[in-house]
Amino acid sequence: MRTSLVVLTFAALSALARAQSGPNDQLARDIFKELIEINTTDGPSGSVTKAAEAMAARLRAGGFAAADVQVLGPDPRKHNVVARYRGKGTKRPMLLLAHLDVVEARREDWTTDPFTFLEKDGFFYGRGTTDDKSMAAHFVANLLRLKKEGFTPERDLILALTADEEGGRFNGVDWLIQNHRALIDAEFAVNEGGGGSMRKGKYLTNEIQASEKVYQDFRIEVKNAGGHSSLPVKDNAIYHLAAGLSRLAAFEFPVALNEVTRTYFERSARVQSDPKMAADMRAVAGATPDLAAAARLAASQPYFNSMMRTTCVATQLEGGHAPNALPQLARANVNCRILPGVSAASVRETLIQVLADPQISVSNVSEARPSRPSPLRPDVMDVVESLTKEMYPGVVVIPVMSTGATDGLYLRNGEIPTYGIDGTFGDIDDVRAHGRDERIGVKQFYEGLEFQYRLIKALGAK
Ligand SMILES: [Zn+2]
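Keep in mind that what you see is a predicted model, and the values were worked out from it rather than measured.

Caption draft 1: View of helix 9 (residues 275–285). The set of residues buried in helix 9 consists of Met 277, Ala 278, Asp 280, Met 281, Val 284 and Ala 285. Along the long axis of helix 9, the arc covered by the buried residues comes to 160°, so they all point the same way. Residues of helix 9 that are exposed and point over 90 degrees away from its buried face: Pro 275 and Lys 276. Packing partners of the buried residues in helix 9 comprise helix 8 (259–271), helix 10 (291–300) and helix 11 (302–308). Regarding helix 9, its N-cap is Asp 274, as a side-chain oxygen of that residue lies 3.0 Å from the backbone nitrogen of Lys 276 further along.

Put into structure tokens, the structure is as follows:
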């Protein structure tokens, strides 16, 4: 009886605590709403500039000097906003990066208007709610809060809200690095790509993205003199290509872990409920990975497989020019996701060996952009670990390598180590970024806001 009373009181208290709003909850919500309702798609109705200007106006109104808030870009619809929060200058600046652009969303595909901000059943709905306008709203609201509180960091805090991460011809980060390096130059950067994972309301892990795989397409091609299909010969372009692709289908690149992926498996083992899988995770995280364990993990989840090795897969096929002619051309696109540190040239060499047919040519579709992993800096890791412990007891911090790419690529290649850090949790079985009815939990949005406030304060002082 006594116990249940205590439990009840505790439950009532925590419900009360949750209902209380943080000092900048309302402001963050207003900014979030404003951002969602500005269409920032690449299409003709979208304008990133409009969103950049709206954020610049808020920062200036909140006490930023006009000279410290710049709206700039290579195209009238694709301006970025870069703002500098002045610190003591005892340390090099920290960059806070979020992209303002969003993936196209059609009204007819959605239950409600994707560009009307909607709060319903504990969620905020709208295009960009998870990718990446919540982060942008958090940054702006938190910098305004810190300004109001009179906080002076050791280092300058640079905010960059940018264009064309999702597509489009005017990638904001790339453009800023090429043309205005000094504006955004920093010791390290915080970006999207990380965040909390939960399942059915249970918070599991908080991921720090420290590395990304490298994207590379290869054109696999067979040319042949062709001829009349009533007189077939064994030397057939389609057969050459098909046989080569079958060899590729059976091939796997070697298992190779790095600092990030080794730590990923070692820590994931701690939260893994299946003891056999946990043992396999520990076995691949060792100094020499256990290959049998790696094979079991790879077979259990495509994501595990992709974390452990370079992958190359056939994604497109074309060939022949008439139903009654021997093919003069057979061609496939093979898409590779290359482990950082492995060169595209060496992957091409491997493909040539695996396809094992001198008639099959292998060429790069475009130039690969290598992306070097960011070192797991102890200062950054320590802050994320202690904040996670403080706000989400029991949640394990896990460094990850993205199998896709973000704008972190441009920064990392520009020698600015970049970390995907976000204290906002999302359900791993309900990922709607780029999809229909994109949404974010209301509670998680405000928690992420507070987490990021503490993060900026701590890293700004480090
Ligand atoms: Zn994004």
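From this point, the discussion proceeds with the structure in view.
Caption draft 2: Up close: the coordination of the zinc ion. For the zinc ion, the full set of protein donor atoms is His 99 (NE2), Asp 131 (OD), Glu 192 (OE) and Glu 192 (OE), at a range of 1.9 to 2.6 Å. Considering all four donor atoms around the zinc ion, the spread of angles at the metal, 53 to 150°, places the coordination shape in the irregular class. Mapped onto the polypeptide sequence, the residues donating to the zinc ion form the spacing pattern H-x31-D-x60-E. Residue Asp 131 is found in the loop between strand 5 (123–125) and helix 4 (133–149), and its partner Glu 192 is found in the loop between strand 7 (188–191) and strand 8 (195–199); the two are separated by 61 residues along the sequence. The two residues Asp 131 and Glu 192 agree in class, both being buried.

Caption draft 3: View of the sheet that holds strand 12 (residues 311–319). Across the sheet, which stays open at both edges, the four strands sit in the order 12-14-10-15 with antiparallel pairing between neighbours. A strand with exactly one partner marks an edge of an open sheet, and here the two such strands are strand 12 and strand 15 (360–364). On average, each strand axis in the sheet is inclined to that of its neighbour by 25°, with strand direction left out of account. Of the pairings in the sheet, the one linking strand 10 (residues 214–223) to strand 14 (residues 329–338) comprises 10 bridges and is antiparallel in character. Residue pairing for strand 14: Gln 216 is matched across the bridge by Cys 336. Lying over the sheet, helix 7 (residues 237–250) contacts strand 10, strand 12, strand 14 and strand 15, oriented at roughly 20° with respect to strand 14.

Caption draft 4: Main features of the pairing of strand 2 (residues 80–85). Of all six residues making up strand 2, six are buried, and the element is well covered by its neighbours. Sheet analysis places strand 1 (residues 69–72) next to strand 2, joined by four bridges and oriented antiparallel. Looking across to strand 2, one finds that Gln 70 is bridged to Val 82. Across five bridges, the pairing between strand 2 and strand 6 (residues 157–162) is antiparallel. Bridged to Val 81 within strand 6 is Leu 161.

Caption draft 5: The sheet that holds strand 19 (residues 439–441), seen in detail. Spatially, 4-5-19 is the arrangement adopted by the three strands of the open sheet, whose pairing is antiparallel. Among the strands making up the open sheet, the edge pair consists of strand 4 (118–120) and strand 19. Each adjacent strand pair in this sheet contributes to an overall mean axis angle of 25°, direction not counted. Here strand 5 runs beside strand 19; their pairing, made up of three bridges, is antiparallel. Its bridge partner being in strand 19, Phe 124 is matched across the sheet by Ile 440. Packing of helix 15 (residues 442–461) onto the sheet brings it into contact with strand 4, strand 5 and strand 19, and relative to strand 19 it is tilted by some 70°.

Calculation notes
Residues numbered from 1 in each chain as written. Predicted model: local features only at pLDDT ≥ 70, side-chain atom pairs only at ≥ 80, totals over all residues. Heavy atoms only, no water. Buried < 20%, exposed > 50% of the residue type's maximum accessible area, 1.4 Å probe, protein only. Helix = DSSP H or I, 4+ residues; strand = E, 2+ residues; numbered from the N terminus. Arc of directions from axis to C-beta. Contact = heavy atoms within 4.5 Å. Polar contact = N/O pair within 3.5 Å; in protein donor to acceptor, adjacent residues only side chain to side chain. Donors = N, O, S within 2.8 Å, 3.2 Å for Na, K, Ca; no water. Tetrahedral: all angles 85-135°; square planar, octahedral: opposite > 155°, others 65-115°. Pairing = 2+ DSSP bridges. Axes fitted to C-alpha atoms, helices over the stretch in contact; angles between N-to-C directions.

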